[in-house]
Amino acid sequence: MLSGQHDSARDSDIALTRVTVRHPTAAGEVTALDDISLETCAHNLAVIGLNGSGKSTFARLLNGLRTPTQGSVSVGGLDTVTDVRMLRRKVGFVFTNPDAQIVMPTVAEDLAFSLRGRGLSTGQIAERVAAVLAENGLAGHADLPAHDLSGGQKQMLAIQSVLVAEPSLIVADEPTTLLDARNARRIADLLLGLPQQCVIVTHDLELAARCDEALLFDNARLITQGNPRDVIDRYLSEIVARP
Amino acid sequence: MLSGQHDSARDSDIALTRVTVRHPTAAGEVTALDDISLETCAHNLAVIGLNGSGKSTFARLLNGLRTPTQGSVSVGGLDTVTDVRMLRRKVGFVFTNPDAQIVMPTVAEDLAFSLRGRGLSTGQIAERVAAVLAENGLAGHADLPAHDLSGGQKQMLAIQSVLVAEPSLIVADEPTTLLDARNARRIADLLLGLPQQCVIVTHDLELAARCDEALLFDNARLITQGNPRDVIDRYLSEIVARP
Amino acid sequence: MKTTLNDITRIATFAAIIAVLGIPGAVSPFGMAVPITLQTLGVMLAGAILGWWRGAASVLVLLVLTAAGLPLLSGGRGGIGVFFVPSSGYLIGWVLGAAVVGVIVHAGATRPVWWRVALGTVVGGMLAIYAVGIPVMAAMLGLSLGEATIANFAFVPGDAIKAALTVALTMAVWKAYPRAFVTPRQPRVEPTPVSVR
Amino acid sequence: MTMLGQYRARDSILHRLPAGAKLIGLVVVIVAVVVPPPTWWGLGAGAVVVIAGYLVGRLGLAELWRQILAVRWLIVFIVVVPLIFLPIPTVLATAARVVIVLLLAAIVTLTTRTTEILDAVERALRPLRRFGVNPDRIGLMLALTIRTVPVIAGLAGELRDAQRARTGRLSVKAFVVPLLVQSLRHADDTADALAARGVE
Ligand SMILES: Nc1ncnc2c1ncn2[C@@H]1O[C@H](COP(=O)(O)OP(=O)(O)OP(=O)(O)O)[C@@H](O)[C@H]1O
Ligand SMILES: Nc1ncnc2c1ncn2[C@@H]1O[C@H](COP(=O)(O)OP(=O)(O)OP(=O)(O)O)[C@@H](O)[C@H]1O
Ligand SMILES: O=C(O)CCCC[C@@H]1SC[C@@H]2NC(=O)N[C@@H]21
Ligand SMILES: [Mg+2]
Ligand SMILES: [Mg+2]
């Protein structure tokens, strides 16, 4: 862990205690996470595993979008079930598909949406929005339909919409999946360089290797937690290679 | 070019003559492809480039989903504008998002849909569908709603629905983007191992490296055509590294 | 009128949207035999965004699938039975309603204008639906038209809110995705003799 | 959402009857129940037809009871509001008629596969071909809708999550606008996919 960020990291320590998540489906129950216990205060945490292994379910637990069927989850000392309101202010979530999280018609409106309900005046909100746009090379795009941005610009907007609310933990579920090599690198650089703690679910093993710690999920279970290089090796040799 | 597949490749030679594609937008016209000329008979052709560089537009030209604003496109001797009906029988298209291309409620129905209008009896269609399902480990899933499949299974179904119609060229636009390492490898192996000619748009440079030839697009222009290794090097050093 | 593939997929998509708007369920205030449902919002939006015939077609598609037994109405109801209850007239009214909204919003227009959407949703999304719904409800419950009209007032506040929402939503969709209001033309398909290798 | 709807697989003469015939039969019986002014004898006969239907269709009286339970609130509602305006016997007679019609209609729904009804609709539309109606396209539209409902429901779920994650609460506008935009985009992608698969 990086000593300089010790405080903000401590602030968002993640702890799961015997967590099981089951989803009811037409065919019966699906176990998405099976008796997971873990504790981590890694500054950048990678989460890897096959499709359907439970990565997104894990990510969603962290800001209360899913609630554990059994067990408990706490983030920065807040229980994700009982303190969900406070939690949502502290945990920002970046989705794979920027179209799903850009909720307002235009770029500026979308950024402003994140600042609602914080007791800021319209003027203050506009100021903050303008500043963020300028920093990210989107100044000229303020009143453009957000859906007309390029893939990379959209994901950048989605992330800025999260950052503008100043969360102390960012959870990103495959944030670079739809991007080209250059945009993917930009987004990865941005996320890994943040002062905040960051959890990144990804199929991009190079990105995972750049984190401080990695989790490997398989079949709803946590298989390993540790140094990213070792975890990736185990993923490739034991799981991807499996027929 | 592989001599063994010479015939099927020749059958689908791709030729673009001074092709320009412009899209009208609210803000004016966007040039998606700018004066492209090329000829290729590679068995597996990779197409790489940044987001918005024109890759999908190029792919869509090949089966007439987009028509050139200027210039002409021919595939296997068929003009993509005047012979579009014949063309669509010869060129199969695989999209990134399988949800958009699975159009029938259940697995078997979707496969059967590809076979309608070919003068086959219901019995013959059912037989073909059953054979394809059995070959691809989906035999037990025939009557399952498509949305109950996993991401990898959905993409497999989408590809089989294209293959069952026996096209002589397959165009795939980022077919592995939404998949994990194992599913991505499976789909890549399947596409690269087909007897048919195959055009694969991808951000996955490892996949691109496995093709016989690669095209690099940038800013609506074709920058290079050639050996995948060289093309990828140029992409990384000249374009991805660009600030 | 030649249907393009875009017409077909948009009709199917709006039918699906109306169905999805039924998932939150419905409420039946003061023991009304006809529920208050968010699906009428979908009906208004279908007309306002797709225009008269695509809007009406998407409602028709929804009704046919419901009749075929799929649980697409609010609260997961479906089957032929839904066409023989006091609320059935309103269901038929949805088809007319979507068409009227579409005519008022789209006729001679190149883009949606807020007051037209407002007028359309009141005349089509409320009055036209009531015009079919009230007589059927009256007949089914053995009420007079006047009595049924009084009962119908239970829907007016909710429907007025949905109409206002439709105005805001339609204008916002125009801002966010202008292509929604013009169905793109398919590349033209020239008939050629078909012979497969 | 399943393709099954409420179909109950059994081996009965009602199951084997063509969907079109059942639908026409239903309309005839319903007219016979609804058109004549209600008498207790008529309603009794209706009830007998209902019970016979559930037995012949091998659905059983348990299924009949389940169907009655499913509309119990409707029955209450049909009785409550008219009681403000009308005498009790009239209200009960109307309610009984509605319930009988519902139970009859349910017999058709329970003994007929969704796909059979959709095929019957397609066949019924065939004569309209000369007026420019294309039954194949309508069939495609119906199947496509069945396929699209879970896709849109999935988009809606994803959006609900995204919005909760950002603000902790739900705003209708911030929910429905992106749902509409994404759905329309999905529709346009699907149109491309259909074209690519050779549909014209
Ligand atoms: N809402 C839900 N309803 C039913 N099943 C669900 C739901 N969400 C997830 N699942 C199931 O839970 C399991 C874990 O899903 P999850 O989305 O966490 O996987 P993932 O590792 O994120 O996969 P991917 O790499 O494809 O994103 C899967 O089997 C999935 O089908
Ligand atoms: N239907 C359309 N209307 C307007 N502009 C479009 C349309 N389709 C593509 N464009 C524009 O054309 C350009 C090329 O787009 P294209 O989709 O071909 O890029 P791409 O290389 O496939 O990008 P990506 O890697 O993000 O998929 C982009 O600037 C895009 O915004
Ligand atoms: O779901 C049904 O069975 C039909 C519902 C009809 C509801 C009508 S439509 C107009 C009015 N507004 C509502 O919210 N409900 C009624
Ligand atoms: Mg996931
Ligand atoms: Mg593309």
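Residues numbered from 1 in each chain as written. Chains lettered and ligands numbered in written order. Predicted model: local features only at pLDDT ≥ 70, side-chain atom pairs only at ≥ 80, totals over all residues. Heavy atoms only, no water.

## A short note on the overall build of chain D
Part 1: Secondary structure assignment for chain D yields nine helices and zero strands.
Part 2: Reading chain D from its N terminus to its C terminus gives the helix and strand order α-α-α-α-α-α-α-α-α.
Part 3: A compact globule built from 200 residues would reach a C-alpha radius of gyration of about 16 Å, whereas chain D, at 22 Å, exceeds it by more than 25%.
Part 4: Overall, the C-alpha framework of chain D stretches about 60 × 50 × 35 Å when taken along its three principal axes.
Part 5: Put simply, chain D has 200 residues, and 52% of those count as buried.
Part 6: Long-range contacts, defined as pairs at least 24 residues apart, comprise 70% of the intrachain contacts of chain D with a sequence gap of at least 6.
Part 7: Each charge class in chain D can be summarised by its mean position, and for the 22 positive and 12 negative side chains these summaries are 9 Å apart. (Helix = DSSP H or I, 4+ residues; strand = E, 2+ residues; numbered from the N terminus. Rg over C-alpha atoms; globule rule 2.2 N^0.38 Å. Buried < 20%, exposed > 50% of the residue type's maximum accessible area, 1.4 Å probe, protein only. Contact = heavy atoms within 4.5 Å. Lys, Arg positive; Asp, Glu negative; His and termini not counted. Charge placed at Lys NZ, Arg CZ, Asp CG, Glu CD.)

## Examining the side chain of C:Asn152
Part 1: Relative to the helices and strands, C:Asn152 resides in helix α6 (residues 145-152).
Part 2: Here C:Asn152 is in contact with C:Tyr90, C:Tyr130, C:Ile134 and C:Met137, once residues within four sequence places are set aside.

## Observations regarding the pattern of salt bridges
Part 1: A complete count under the given rule lists 27 salt bridges over all chains for this structure.
Part 2: The salt bridge involving A:Arg18 is made with A:Asp35; its shortest N-O contact spans 2.9 Å. Of this pair, A:Arg18 sits in strand β1 (residues 14-25) while A:Asp35 is found in strand β2 (residues 28-40), placing the two residues 17 residues apart along the sequence.
Part 3: The partner of B:Arg60 in a salt bridge is D:Asp192, with the nearest N and O atoms 2.4 Å apart. Of the two residues, B:Arg60 is situated in helix α2 (residues 55-61) and D:Asp192 in helix α9 (residues 172-196); the pairing between them involves two chains.
Part 4: According to the relative accessible area criterion, D:Asp192 is buried, its value standing at 11%.
Part 5: Connected through shared salt-bridge partners, A:Arg60, A:Arg66, D:Arg160 and D:Asp161 make up one network. (Salt bridge = Lys/Arg side-chain N within 4 Å of Asp/Glu carboxyl O.)

## A word on the site of ligand 3
Residues and elements named next belong to chain C.
Part 1: In the vicinity of ligand 3 there are 16 residues, among which Pro35, Thr37, Arg77, Asp159 and Lys162 approach most closely.
Part 2: Take Ser87: an N or O atom from its side chain is 3.2 Å from an oxygen atom of ligand 3.
Part 3: A distance of 2.7 Å separates an oxygen atom of ligand 3 from a polar side-chain atom of Lys162.
Part 4: Relative to its unbound accessible area of 410 Å², ligand 3 is 100% covered by the protein chains.
Part 5: Of all elements in the fold, only β2 (36-37), α4 (88-106) and α7 (156-176) reach the threshold of two or more residues within the shell around ligand 3.
Part 6: Sorting elements by how many residues they give to the shell around ligand 3 places α4 first, with three residues.
Part 7: The class makeup of the residues in the shell around ligand 3 is nine nonpolar, four polar and three charged. (Near = heavy atom within 4 Å. Polar contact = N/O pair within 3.5 Å; in protein donor to acceptor, adjacent residues only side chain to side chain. Areas by Shrake-Rupley, 256 points an atom, 1.4 Å probe, with all protein chains shown as cover. Nonpolar A, V, L, I, M, F, W, Y, C, P; charged D, E, K, R; others polar.)

## Focus on the sheet that holds strand β9 (residues 213-218) of chain A
Residue and element names in this part refer to chain A.
Part 1: Here we have six strands laid out as an open sheet, ordered β6-β7-β8-β3-β9-β10, and mixed in their pairing. Only two strands of the sheet have a single neighbouring strand rather than two, namely β6 (91-94) and β10 (221-226). Here the average twist between neighbouring strands, direction ignored, is 15°.
Part 2: Packing against the sheet, helix α7 (residues 151-163) makes contact with β6 and β7 (169-173), and its axis sits at approximately 170° to β6.
Part 3: Contacting β3 (44-49), β9 and β10, helix α10 (residues 228-240) crosses the sheet at an angle of about 20° to β9. (Pairing = 2+ DSSP bridges. Axes fitted to C-alpha atoms, helices over the stretch in contact; angles between N-to-C directions.)

## So, the site of ligand 2
Part 1: B:Asn51, B:Gly52, B:Lys55, B:Ser56 and B:Thr57 are the nearest of the 15 residues found near ligand 2.
Part 2: Chains contributing residues near ligand 2 are chains B and C.
Part 3: Between an oxygen atom of ligand 2 and a side-chain N or O atom of B:Asn51, the distance comes to 2.9 Å.
Part 4: With respect to ligand 2, the backbone of B:Gly54 contributes an N or O atom lying 3.0 Å from an oxygen atom.
Part 5: Burial of ligand 2 by the protein chains amounts to 70% of its free accessible area of 630 Å².
Part 6: Listed by contribution, the elements that provide at least two residues to the shell around ligand 2 are β1 (14-25), β2 (28-40) and α2 of chain B.

## Thoughts on the environment of A:Gly226
Residues and elements named next belong to chain A.
Part 1: Locating Gly226 in the fold gives a position in strand β10.
Part 2: Sequence separation between Gly226 and Arg18 is 208 residues; the distance between their C-alpha atoms is 19 Å.
Part 3: Each residue touching Gly226, except ones within four places of it in the same chain, is listed here: Glu213, Ala214 and Val231.

## Focus on a negative patch on the surface
Part 1: The grouping of A:Asp204, A:Glu206, B:Asp204 and B:Glu206 at the surface amounts to a negative patch.
Part 2: Tracing the backbone through its elements, the reader meets B:Asp204 in the loop between β8 (197-201) and α9 (205-209). (Patch = residues over 30% accessible without salt bridge, like charges linked within 9 Å, V, L, I, M, F, W, Y side chains within 5 Å.)

## Focus: the packing of helix α5 (residues 114-141) of chain C against α6(C)
Residue and element names in this part refer to chain C.
Part 1: Across the interface, α5 lies against α6 with an axial gap of 9 Å and an inter-helix angle of 120°. Classified by the angle between their axes, α5 and α6 sit oblique to one another. Both α5 and α6 take part in a crossing whose hand is right-handed. Residues Tyr130, Ile134, Pro135, Met137 and Ala138 of α5 pack against Leu145, Ala148, Thr149, Ala151 and Asn152 of α6.
Part 2: Across the contact of α5 with α6, the residue classes tally to eight nonpolar, two polar and no charged. (Parallel < 35°, antiparallel > 145°, perpendicular 65-115°, else oblique. Left-handed = near helix turned anticlockwise from the far one by under 90°.)

## Concerning helix α3 (residues 52-67) of chain C
Part 1: Relative to the 22 Å expected for 16 residues at 1.5 Å per residue, α3(C) spans 23 Å between its end C-alpha atoms, a close match to the ideal helical length.
Part 2: Taken from the residues just after α3(C), C:Gly69 is the one with a positive phi, measuring 115°. (Expected span 1.5 Å × (residues − 1).)

## Re the packing of helix α2 (residues 19-34) of chain D against helix α6 (residues 88-111) of chain D
Residue and element names in this part refer to chain D.
Part 1: Where α2 meets α6, the axes come as close as 10 Å, and the angle between the chain directions of the two elements is 170°. One way to sum up the angle between α2 and α6 is to call them roughly antiparallel. Mapping the contact onto sequence places Lys22, Leu23, Leu26, Val29, Ile30, Val33 and Val34 in α2 and Arg97, Ile100, Val101, Leu104, Ala105, Val108 and Thr111 in α6.
Part 2: The class makeup of the residues in the contact of α2 with α6 is 11 nonpolar, one polar and two charged.

## Re the domain arrangement of chain D
Part 1: Each assigned domain of chain D is listed with its residue range as follows: domain 1 (1-112) and domain 2 (131-200).
Part 2: Here the C-alpha centre of domain 2 of chain D lies 35 Å away from the C-alpha centre of domain 1 of chain D. (Domains from an automatic or database assignment.)

## Side note on the interface of chain D and chain C
Part 1: Taken together, the 56 residues of chain D in the interface contact 55 residues of chain C.
Part 2: Surface buried jointly by chain D and chain C totals about 4,900 Å² across both partners, of which 81% is contributed by carbon and sulfur atoms.
Part 3: Between the two partners, chain D and chain C, sit one salt bridge.
Part 4: Among the ionic pairs, C:Arg10 bridges to D:Asp188, the shortest N-O distance being 3.1 Å.
Part 5: The interface formed by chain D and chain C includes five residue pairs in polar contact (both at pLDDT 80 or more). (Buried area = accessible area lost by both parts, 1.4 Å probe.)

## Structural notes on the pairing of β6(A)
Residue and element names in this part refer to chain A.
Part 1: The alternating pattern of β6 places Val91 and Phe93 and Gly92 and Val94 on opposite faces, both of which are buried.
Part 2: Sheet topology note: the β6/β7 ladder contains four bridges and is parallel. Of the residues in β7, the one forming a bridge with Gly92 is Ile170.

## Observations concerning the sheet that holds β2(A)
Part 1: The antiparallel open sheet is built from four strands, whose spatial order is β2-β1-β4-β5 (chain A). The sheet is open, and its two edges are formed by β2 and β5 (78-79) of chain A, each paired on a single side.

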